[in-house]
Amino acid sequence: MVKTIKALGIRAPNAEFLAANVLKNPDTPGEEVRFIVSPGAEAGMEAVARKYGYKAEIAKGEKEVEVRMVPSGKTTEEIDVTGETCPGPVMIVGDKLSSLGIGERLKVKSASADTIADVSAAVTASGSLILNQGKEGDRNFIIVEKAEKKAVAAGTAALASKDRVVVAQSNGIGNAERAYATFIFSKVALSMGKKVTIFFLMDGVGIARKGNAETVKHPAFPVLSQVMDEVIKAGATVYACELSASFRGIKEADLVPGVKLAGAATFIQLLSDPGNAVVNF
Amino acid sequence: MKYESLGKELIGLLGLKGSPVAVKLAKTPADIPQGYQKMSEKHRHCQFVQDARLKGTIGYATKAEHLCRGGAAVMGIEPSPELLADGTTYQKLGNFKTVEGAIDTVSAIPKTGEQFYASVYAPLEKAEFEPDVVVIVATPRQVLRLSQAYLYATGGRFAADYSGIQSLCADAVVAVRERGVPNVTLGCNGSRKYSGIAEDEVIFGVPIKDLEKIVEALKTFKEKWG
């Protein structure tokens, strides 16, 4: 967690004295501190940082100056996702960001510019910020700062951003690629901070029948039941269409744990909600 | 009580009139200490501090009990009144020559970015909660000692900042809570006029984490300087 101190209006050298006292008496030893000061008040801050074992990173704006005090020796965490294929990079970065505090930074590198572009889209959608991007040698990189997703005014949320994803699955284990895609896309959406609902209907309900997903295994992926279990444990809501289940003689007790029966009205409601992005497999 | 000895030592070492006041911003009703009641009368935050200091009043104030909307707003207990936020009020009150000057100050007043349910008050020696901040209303000489005590262990200079408005709320509570370092403030028109901050008194706000070392330093000063 990065501590942020707004100290607007305090002029130099008082801002410098304030910064010195904050760095000398940290709430948590070695914590990173971000001062927001008025233009001109950053004078002397670099010297304060050096004196107390920090490095000052100064970003000047028209009305505010950000002075970021980073403990010396503390470097931005880096991960290199070169060689990982979709959705690996997005999920790796999503997992890493979830372990960081607000304001903390992560450098993501890859030999593939396309991978970095994909990760950038996911990071931005989750509310975090891309501070810098470029190329170092054969590696493309972005520097990400974890931020809280900004709340959108009620009533405009659905139009501003679709934060919920509905994955409709109607093909079942007969089409393994679509079955895997159901859960892999869900995992990516979850790692982007979106709420995920999976709705099994027609042949899709077969995936949720106990024992069926254990029979599907692609050489490059874990067994389907494992991927499904990971998605359920990660917080996805999973429904099986009551009518489709009944049509195939499937009862609630036949479903894998975490899957609930739901009626057509639930499905229609999910499709009708403008805040939901719907994907069909 | 957790802070009984610390509070009594502070009073004794400095010769304070009244008690240091423990102040906490409570996020939810569950954060209100057990047995604490809502304040029985509507008052300003600075008056609640004075009541805890001089009458030993213990309790909490939600939006409904806060009479000064500006004070409640900087502490995140209610949204900022528009006329205060845009500087108009303070310009009309005569604090500033221009609206631009008022805006410059108002935008720099320390305010929490969080929302809180209530502010909680108790004399420090009777506090049964972990305060965010301890507010000490004291004479300049007593505040001199407190500032010296703060600097005793590691030296440096004391940084105080205030603007003459929203003193006991923004300067003594919010700034101290958010920054994690003490502040000195001289009161404001409201706290001087309505809450009885005396002519010879100023205000020292200190994070609870620093109080023990301040008391230890005050003991050293007492031995050396009497």
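Definitions and limits used
- Residues numbered from 1 in each chain as written.
- Chains lettered and ligands numbered in written order.
- Predicted model: local features only at pLDDT ≥ 70, side-chain atom pairs only at ≥ 80, totals over all residues.
- Heavy atoms only, no water.
- Phe/Tyr/Trp six-rings, centres within 6.5 Å; stacked < 30°, edge-to-face > 60°.
- Helix = DSSP H or I, 4+ residues; strand = E, 2+ residues; numbered from the N terminus.
- Buried < 20%, exposed > 50% of the residue type's maximum accessible area, 1.4 Å probe, protein only.
- Lys NZ or Arg CZ within 6 Å of the ring centre and 35° of its normal.
- Axes fitted to C-alpha atoms, helices over the stretch in contact; angles between N-to-C directions.
- Left-handed = near helix turned anticlockwise from the far one by under 90°.
- Contact = heavy atoms within 4.5 Å.
- Nonpolar A, V, L, I, M, F, W, Y, C, P; charged D, E, K, R; others polar.
- Pairing = 2+ DSSP bridges.
- Parallel < 35°, antiparallel > 145°, perpendicular 65-115°, else oblique.
- Polar contact = N/O pair within 3.5 Å; in protein donor to acceptor, adjacent residues only side chain to side chain.
- Buried area = accessible area lost by both parts, 1.4 Å probe.
- Salt bridge = Lys/Arg side-chain N within 4 Å of Asp/Glu carboxyl O.

Trainee: How should I be thinking about the packing of aromatic side chains in this particular structure?
Mentor: Centre-to-centre distance and the angle between the planes together describe a pair of aromatic rings. A full pass over the atoms with the stated rule returns 12 aromatic pairs over all chains. Arranged with centres 5.7 Å apart and planes meeting at 85 degrees, the rings of tyrosine 36 of chain B and phenylalanine 129 of chain B form a pair that is edge-to-face. Of the two residues, tyrosine 36 of chain B sits in the loop between strand S1 (21-26) and helix H2 (45-55) while phenylalanine 129 of chain B sits in the loop between strand S3 (118-123) and strand S4 (133-138), which places them 93 residues apart along the sequence. We classify tyrosine 36 of chain B as buried; its relative accessible area is 8%. Through successive ring pairs, a cluster of aromatic residues spans Phe199, Tyr239 and Phe267 of chain A. A cation sits over an aromatic face here: arginine 44 of chain B above tyrosine 194 of chain B, 4.1 Å from the ring centre.

Trainee: Explain the packing of helix H3 (residues 88-99) of chain A against helix H6 (residues 176-191) of chain A to me, please; I cannot follow it from the model alone.
Mentor: To describe two helices that pack against each other, one gives the angle between their axes and the distance between the axes. All names here are of chain A. Interaxial distance between H3 and H6 falls to 8 Å at its minimum, and their mutual angle equals 35 degrees. Where H3 crosses over H6, the handedness of that crossing is left-handed. On the side of H3, the interface is formed by Val90, Met91 and Gly94, while H6 contributes Lys187, Val188 and Ser191. For the contact of H3 with H6, the residue count by class is three nonpolar, two polar and one charged.

Trainee: How should the sheet that holds strand S6 (residues 105-110) of chain A be read in this particular structure?
Mentor: Residues and elements named next belong to chain A. An order of S5-S6-S8-S7 is seen for the four strands of this open sheet, with the pairing classed as mixed. The open sheet has two free edges, formed respectively by strand S5 (77-80) and strand S7 (129-136), since each of these has just one partner strand. With direction set aside, neighbouring strand axes in the sheet form an average angle of 20 degrees. Inspection of the sheet shows S5 paired to S6 by four bridges, in the parallel sense. Bridge pairing in S6 links glutamate 78 to lysine 107. Those strands touched by helix H4 (residues 113-125) are S6, S7 and strand S8 (139-145), and its axis lies near 10 degrees from that of S8.

Trainee: Before we go on, may I ask you to explain the packing of H2 of chain B against helix H8 (residues 167-179) of chain B in this structure?
Mentor: Residue and element names in this part refer to chain B. Direction vectors running N to C along H2 and H8 enclose 70 degrees, while the axes themselves pass 8 Å from each other. Looking at the two axes, H2 sits roughly perpendicular to H8. Contacts between H2 and H8 involve His45, Cys46 and Val49 from the first element and Leu168, Cys169 and Val173 from the second. In terms of residue class, the contact of H2 with H8 is built from five nonpolar, one polar and no charged.

Trainee: Would you explain the side chain of asparagine 140 of chain A in this entry?
Mentor: Residue and element names in this part refer to chain A. The residue asparagine 140 is located in strand S8 in this model. Within the local environment of asparagine 140, its side chain forms a polar contact with the backbone oxygen of alanine 111, the two atoms lying 3.1 Å apart. With sequence-adjacent residues up to four places away left out, asparagine 140 is seen in contact with Val108, Lys109, Ser110, Ala111, Ser112, Ala113, Ile116, Gly134 and Lys135.

Trainee: Would you mind showing me how to read unusual backbone geometry here?
Mentor: What you tend to see is this: most non-glycine residues have negative phi, and most peptide bonds are trans. At the junction of alanine 12 of chain A and proline 13 of chain A, the peptide bond is cis and its omega measures out at 5 degrees in the coordinates. Mapping proline 13 of chain A onto the fold places it in the loop between strand S1 (3-7) and helix H1 (14-24). Phi is positive for methionine 202 of chain A, which is not a glycine, with a value near 45 degrees. Following the sequence through the fold, methionine 202 of chain A ends up in the loop between strand S10 (195-200) and helix H7 (205-208). Located in the positive-phi region is glutamine 166 of chain B, a residue other than glycine, with phi close to 50 degrees. Among the secondary structure elements, glutamine 166 of chain B is positioned in the loop between helix H7 (140-152) and H8. Under the relative-accessibility criterion, glutamine 166 of chain B is labelled buried at 8%.

Trainee: Before we go on, may I ask you to explain the interface of chain B and chain A in this structure?
Mentor: Frequently, the measure chosen for interface size is the accessible area that the parts lose on association. Contacts between the two partners involve 19 residues from chain B, matched on the other side by 15 residues from chain A. Taken together, the two surfaces of chain B and chain A that pack against each other cover about 1,300 Å², and 50% of this comes from carbon and sulfur. Considering only the surface of chain B that becomes buried against chain A, Arg157, Ala159 and Arg179 of chain B emerge as the three largest contributors, covering 37% of it. The interface formed by chain B and chain A includes one salt bridge. Among the ionic pairs, aspartate 27 of chain A bridges to lysine 209 of chain B, the shortest N-O distance being 3.7 Å. Linking chain B to chain A there are seven residue pairs in polar contact (both at pLDDT 80 or more). When contributions to the side of chain B that touches chain A are tallied by element, the ones reaching two or more residues are H7, H8 and helix H10 (208-225) of chain B. By residue number, the principal contributor to the side of chain B that touches chain A is H10 of chain B, which donates three residues. Along the lines of polarity and charge, the residues of the side of chain B that touches chain A split into seven nonpolar, five polar and seven charged.

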